[in-house]
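Next come the chains, spelled out residue by residue.
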Amino acid sequence: MQDYSTALMTDMYEYTMLDAALKDGTANRKCVFEVFTRHLPLGRRYGVVAGTGRILDALEHFHLNEADLRFLSDRGIVSAETIKWLENFTFTGTIKGYREGEMFFPNSPVLEVEGTFGECTLLETLLLSILNYDSAVASAASRMVSAAGDRPCMDMGSRRTNESSAIAAARAAVVGGFQGTSNLRAAQLYGLNVIGTSAHCFTLVHDSERDAFVSQVKAMGVNTTLLVDTYNIENAIKTAVEVAGPELGCVRIDSGDLAALAQRVRNQLDTLGAKNTKITVTNDLDEYALASLQSAPVDSYGVGTMLVTGSGAPTCAMVYKLTEREGENGVMVPVAKHSKNKATTPGRKLAFRSYEYGLADAEHVVCGSEEQLARFQPEEDWKDLMVNYMNHGEADTQYQGSDAIVNARNHRAQSLAELPITAQSLMKGDPSIPTKIDLL
């Protein structure tokens, strides 16, 4: 079996640019690239950075195996000289950016990648595909968690997206504040909490609903969650308590008017003595549905389709742009696009957040040369938003693994609490704080 490689999770033009740059001598020019978004999805107040840990994981495998090199050669995508250059390729550059779980806004320098043009250009599609999707899911998850209040949300969206995205979405959902996932592979890879008991087919395969409940309780214990809306909910609740007793762990409702049904189920459970039995609901929930259920006696939520599709915003429209490059004389030169509606800000970036009365009031993006930024002194109350992820090819492992995901989830909660309360509004509006760009 070939070694696992992420090096072809990219667009062809990155390799053709590399090929041409190697031939004309610009491939070895030092460069700085930046990942940012020009705008948030319409009406959103903030975004949540997610995926940086996955980027570090992916870069560990960003080398071309024999099959990759043969493919590039057989297709004539790059020359023989470039194949030789790629044989022992690993990324040796430096990456810094916003912490995973941090809030971002238009023009926030979410990630800054420094290295040679040849090695940095190869990373464009991989970095964007991870950050755009993971941040979209985490941003949607964060809105859902706010709408749910103190009731936990769980990812149940695996079947609504492709198998790889399902794993990424589960991880990003936890960064966004979810408590776990139904996806076993994601739980295995990232040490996430995992949930799951039975579907409607389990009830249907048995001769009666009672038989199904007896089987499940026998296999999983009375603390299990019984699905009660296959036939008649009122009858199912009665049967569930008869089978499991008043210590039944939970019941799940997956259809109908969830608020009204939850109220009736709660009253029925209490009447039957199952006062500690919890109620969880599913069924195409989004942040607006969760907000509408605030007064209903629901204990937790399972969210699927709208989570893994970013609740209508499946990408963050992040881009990867060159902001500084080495000139012929070896001096670094700031560069920028001037295209209509796509202009970029030249130079390296620092990012800070300022506060007044304990609440964030602005994002400050400071642009300049490496020397200028080294001399820059932020205001006393400004918080530095950028961390070092990789130094000359060496990753900081504190941002990888299951502990990093938990830390990112906690950081999201703290960062959101520092924004004005309007950030948690589900009504369409402007970003909750402005982004101020300062050119040194």
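Bear in mind the structure is a predicted one, so any value in this text is a computation, not a measurement. (Residues numbered from 1 in each chain as written. Predicted model: local features only at pLDDT ≥ 70, side-chain atom pairs only at ≥ 80, totals over all residues. Heavy atoms only, no water.)

A. Spotlight on empty space enclosed by the protein. Across all of its chains, the model carries 2 cavities of 30 Å³ or more by this definition. Taken as a whole, the largest cavity spans an internal volume of roughly 50 Å³. If you go around the largest cavity, the residues you meet are Leu40, Pro41, Arg44, Tyr46, Gly47, Phe104, Ala136, Ser139, Ala313, Thr315 and Cys316. Partitioned by chemical class, the residues of the lining of the largest cavity number 7 nonpolar, 3 polar and 1 charged. One number sums up the size of the second largest cavity: a volume of about 30 Å³. Around the second largest cavity, the lining residues are Tyr46, Arg143, Ser146, Ala423, Gln424, Ser425 and Leu426. Considering only residue class, the lining of the second largest cavity consists of 3 nonpolar, 3 polar and 1 charged. (1 Å grid on protein atoms, 1.4 Å probe; cavity = no way out; pocket = protein on both sides within 12 Å on 5 of 7 lines; lining within 4 Å. Points joined across faces, edges and corners; volume = space filled by probe spheres on them. Nonpolar A, V, L, I, M, F, W, Y, C, P; charged D, E, K, R; others polar.)

B. Inspection of a negative patch on the surface at higher detail. A cluster of acidic side chains, namely Glu356, Asp361, Glu379, Glu380 and Asp381, defines a negative patch on the protein surface. Assignment of secondary structure puts Asp361 in strand S15 (residues 359-368). (Patch = residues over 30% accessible without salt bridge, like charges linked within 9 Å, V, L, I, M, F, W, Y side chains within 5 Å. Areas by Shrake-Rupley, 256 points an atom, 1.4 Å probe, with all protein chains shown as cover. Salt bridge = Lys/Arg side-chain N within 4 Å of Asp/Glu carboxyl O. Lys, Arg positive; Asp, Glu negative; His and termini not counted. Charge placed at Lys NZ, Arg CZ, Asp CG, Glu CD. Helix = DSSP H or I, 4+ residues; strand = E, 2+ residues; numbered from the N terminus.)

C. Fine view of the layout of surface pockets. Its boundaries defined by the atoms lining it, the largest pocket holds a volume of some 890 Å³. Looking at the largest pocket, it is lined by 33 residues, and the ones nearest its centre are Met156, Ile195, Arg252, Thr282 and Gly302. Mapped by element, the contributors of at least two residues to the lining of the largest pocket are strand S8 (225-227), strand S9 (250-253), strand S10 (278-281) and strand S11 (300-303). The dominant element in the lining of the largest pocket, judged by the number of residues it contributes, is S11, at 4 residues. Taken together, the residues that form the lining of the largest pocket break down as 9 nonpolar, 17 polar and 7 charged. The space that makes up the second largest pocket amounts to roughly 650 Å³.

D. Representation of the packing of aromatic side chains within the structure. A complete count under the given rule lists 8 aromatic pairs for this structure. With a centroid separation of 4.7 Å and an interplanar angle of 10°, the aromatic rings of Phe33 and Tyr320 are classed as stacked. With Phe33 in strand S1 (residues 30-37) and Tyr320 in strand S12 (residues 318-326), the pair connects residues that are 287 residues apart, well separated along the chain. Take Phe33 and Tyr320: they sit in the same class, and that class is buried. Ring geometry for Phe376 and Trp382: centres 6.4 Å apart, planes at 35°, overall tilted. Site record: aromatic cluster; members linked through ring pairs are Phe33, Phe117 and Tyr320. Residue placement shows Arg171 over the ring face of Tyr190; its charged tip is 5.5 Å from the ring centre. (Phe/Tyr/Trp six-rings, centres within 6.5 Å; stacked < 30°, edge-to-face > 60°. Buried < 20%, exposed > 50% of the residue type's maximum accessible area, 1.4 Å probe, protein only. Lys NZ or Arg CZ within 6 Å of the ring centre and 35° of its normal.)

E. Molecular detail of the sheet that holds S10. The strand order across the open sheet built from 6 strands is S7-S6-S11-S10-S9-S8, with neighbouring strands paired in parallel fashion. The two strands at the open ends of the sheet, each matched to only one other strand, are strand S7 (180-181) and S8. In this structure, S9 lies alongside S10, joined through 4 bridges in parallel fashion. What sits directly across from Cys250, in S10, is Lys278. (Pairing = 2+ DSSP bridges.)

F. Broad picture of the pairing of strand S3 (residues 94-98). S3 sits mainly inside the fold: 5 of its 5 residues count as buried. Here 4 bridges tie S3 to strand S5 (residues 111-116), and the two strands are oriented antiparallel to one another. If you follow Thr94 over to S5, its bridge partner there is Glu114. Strand direction decides the pairing type here: S3 and strand S17 (residues 386-391), joined by 4 bridges, are antiparallel.

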